[in-house]
Amino acid sequence: MLKNLCPHEVCSSIYAIDYERLWDQGYRTLIFDIDNTLGSWGCKALDENSLRLLERLARRGFRLGFLSNNRGLDREALVAQLAPHMVLWNAQKPRTKRLQDLLQQMDAHADEAVLIGDQLFTDILGARRVNLYAIFVRPYDPQSDSLGAKLRRPLERWVLRVGRWINPPA
Ligand SMILES: [Mg+2]
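Structure report, in brief. (Residues numbered from 1 in each chain as written. Predicted model: local features only at pLDDT ≥ 70, side-chain atom pairs only at ≥ 80, totals over all residues. Heavy atoms only, no water.)

Here we look at the overall build of the protein chain
Definition in use: Per the convention used, a helix needs a DSSP run of H or I reaching at least four residues, while a strand needs a run of E reaching at least two, with both numbered from the N terminus. Whether two residues touch is decided by their heavy atoms; if any such pair falls within 4.5 Å, the residues are in contact. Methods summary: accessible areas were calculated by the Shrake-Rupley approach with a probe of 1.4 Å, and residue burial reflects only the protein chains presented. Charged-residue counts in this description rest on Lys and Arg as positive and Asp and Glu as negative, His and the chain ends being excluded. The atom standing in for a charge is NZ when the residue is Lys, CZ when it is Arg, CG when it is Asp and CD when it is Glu.
Tallying secondary structure elements over the protein chain gives seven helices and six strands in all. Ordered by position from N to C terminus, the α and β elements of the protein chain give α-β-α-β-α-β-α-β-α-β-α-β-α. Look at the contacts in the protein chain between residues 6 or more apart in sequence, and 69% of them connect residues 24 or more apart. Carbon and sulfur atoms make up 52% of the accessible area of the protein chain, which totals about 8700 Å². For the protein chain, the separation between the mean place of its 24 positive charges and that of its 20 negative charges on side chains is 6 Å.

What follows is the structure, given as structure tokens:
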């Protein structure tokens, strides 16, 4: 269980990820969590920087998918921004069913897919359960966290500290 909570990498944000290295390692599919990964929790639209990054990654040849436990209601602008890509709302992470559905719909395989998210107990646990490469990013705006996420943050910090012994950085 503890091993499945440990990300393969920890990055300060989506901008700090070495996407070229991931490409060179053979990864072709990037699955992003939305809330507090690409924008603040519950954001109605993504900012210009996030959009530019996603465009650059798509141009590079990555397949992009998005997976959120949110239901996506009242977020029409965000839905429109992500429209060219596969988006699954109500993902029920860390359960694996919807994540596996998304991989199938994207015609992607676990061994060439990366999941990027800001929560260990949903994003990273779900990703590791289906053997994806899991990258944890610091929350975009910690103040905007849901109450549940706020309560889990101290436990996440503990897991990340202990996890270094289980998953030493390469
Ligand atoms: Mg999130």
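A word on the packing of aromatic side chains
Two aromatic rings are characterised by how far apart their centres lie and by the angle between their planes. This is how it is decided: Any two of the Phe, Tyr and Trp rings considered here, Trp counted by its six-membered ring, make a pair once their centres fall within 6.5 Å; the pair's planes then place it as stacked at under 30 degrees, edge-to-face at over 60, or tilted in between. The cut-offs for exposure are 20% and 50% of the maximum accessible area for each residue type, with area from a 1.4 Å probe on protein chains only; residues under the lower value are buried, those over the upper are exposed, and the others partly exposed.
Counted according to the given criterion, the structure contains three aromatic pairs. Each ring, one from Phe32 and one from Phe66, has its centre 6.0 Å from the other, and the planes form 20 degrees; the classification is stacked. With Phe32 in strand β2 (residues 29-32) and Phe66 in strand β3 (residues 63-67), this pair connects stretches of sequence that are 34 residues apart. Both residues of the pair, Phe32 and Phe66, belong to the buried class.

Regarding the pairing of strand β5 (residues 113-117)
Our working rule: Note: two strands are recorded as paired if DSSP finds a minimum of 2 bridges between them. The handedness rule is simple: strands pointing away from the viewer, and a clockwise path from the first strand over the helix to the second, make the crossover right-handed.
Of all five residues in β5, five are buried, a share of seventy percent or more. Covered by surrounding structure in β5 are Ala113, Leu115 and Gly117 together with Val114 and Ile116, the residues of both alternating faces. Relative to β5, β2 is paired through four bridges, and the arrangement is parallel. What sits directly across from Leu30, in β5, is Val114. In the sheet, β5 pairs with strand β6 (residues 133-137) via four bridges, with the strands oriented parallel. Residue pairing for β6: Val114 is matched across the bridge by Tyr133. Tracing the backbone out of β5, into helix α6 (residues 120-129) and back to the parallel element β6 gives a crossover that is right-handed.

Let's talk about unusual backbone geometry
Each neighbour pair has its own omega, and for Lys93 with Pro94 the value is 10 degrees, a cis peptide bond. Examined against the element boundaries, Pro94 turns out to sit in the loop between β4 (86-88) and α5 (97-105). Backbone geometry at Asn36 places phi at a positive 65 degrees, although glycine is not the residue there. Of note, Asn36 is situated in the loop between β2 and α3 (48-60).

Digging into a positive patch on the surface
Cut-off, in case you're wondering: Surface patches are defined over residues having more than 30% relative accessible area and no salt bridge, joining like charges when they lie within 9 Å and nonpolar side chains (Val, Leu, Ile, Met, Phe, Trp, Tyr) when within 5 Å. When a carboxyl oxygen of Asp or Glu lies within 4 Å of a side-chain nitrogen of Lys or Arg, that pair is called a salt bridge.
Taken together, the side chains of Arg138, Arg157, Arg161 and Arg164 define a basic patch exposed on the protein surface. Its place among the elements puts Arg138 in the loop between β6 and α7 (147-166).

Overview of α3
The following threshold applies: Expected helix span is taken as 1.5 Å per residue step, with the number of steps being one fewer than the number of residues.
The first and last C-alpha atoms of α3 sit 18 Å apart over 13 residues, in line with the 18 Å expected at 1.5 Å per residue. Buried residues along α3 sit in contact with α2 (19-24), β2, β3 and α4 (76-82). Downstream of α3 by a residue or two, Gly61 has a phi angle that is positive, lying close to 120 degrees.

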